[in-house]
Amino acid sequence: VRSLNLGMPRRRDAHAVVASRTWAASVDAEAAEVARARREALEASVREKKKPAAPKIDWKALEEAASARGDLLAGCAICLGPFSGFEDGSTILLDCAHAFHASCLAALERHLGVENRRCALCRKQNYAKHVTKRAARDRRAAAA
């Protein structure tokens, strides 16, 4: 039966330990160099790519179009409830000129998810939103 030597490692084992540590250090240095190169390449690509400027949206013209169509008097197409006569920010106009209650649109966005966000009427994707007070003015004018 062979006994285990739990004392000092033999000379051959000591050389193997030093060699494995040297190899591990070189692998770590190579991995760090690769990570640094990737990080620098990513930072350079981000600096080079400038975000395209968002197109200017004429919200007043969209409000006029929605008002002329009667959308702001008809009410929310999601819940079919009327828009309030108060300028409380509860009416949201999309860049496709469709209007909804803020809470109804938020519920629809939660249901569809961020990547599938669409207008409930025309199915336009990736719309812009604007809080409008025009619905309240139209409602008060119609009531008078």
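Residues numbered from 1 in each chain as written. Predicted model: local features only at pLDDT ≥ 70, side-chain atom pairs only at ≥ 80, totals over all residues. Heavy atoms only, no water.

Draft legend 1. Region of interest: the packing of aromatic side chains. Taken as a whole and judged by the stated rule, the model has 0 aromatic pairs. Note that Arg117 overlies the ring of Tyr127, its terminal NZ or CZ placed 4.4 Å from the centroid. (Phe/Tyr/Trp six-rings, centres within 6.5 Å; stacked < 30°, edge-to-face > 60°. Lys NZ or Arg CZ within 6 Å of the ring centre and 35° of its normal.)

Draft legend 2. Geometry of the nonpolar core. One finds Leu93, Leu94, Phe100 and Leu105 to be the most contacted residues of the largest nonpolar core, which totals 19 residues. Mapped by element, the contributors of at least two residues to this core are α2 (59-69), β1 (91-94), β2 (99-101) and α4 (102-112). Leaving out residues up to four positions away in the same chain, Leu93 has contacts with Trp59, Leu62, Glu63, Ala66, His98, Ala99, Ala128, Lys129, His130 and Thr132. (Core = buried A, V, L, I, M, F, W, Y, C linked by side-chain atoms within 4.5 Å. Buried < 20%, exposed > 50% of the residue type's maximum accessible area, 1.4 Å probe, protein only. Helix = DSSP H or I, 4+ residues; strand = E, 2+ residues; numbered from the N terminus. Contact = heavy atoms within 4.5 Å.)

Draft legend 3. Structural view of the environment of Ala102. The residue Ala102 is located in helix α4 in this model. A relative accessible area of 28% means that Ala102 is categorised as partly exposed. Along the primary structure Ala102 and Ile92 are separated by 10 residues, whereas in three dimensions their C-alpha atoms are 5.5 Å apart. The contacts of Ala102, once residues within four sequence positions are left out, are Gly89, Ser90 and Ile92.

Draft legend 4. Looking closely at the state of the cysteines. All chains considered together, the criterion is met by 0 disulfides. There is no disulfide at Cys119, and the cysteine sulfur nearest it, in Cys96, is 3.6 Å away. In this structure Cys119 comes out as buried when scored by relative accessible area, which is 0%. (Disulfide = S-S within 2.5 Å.)

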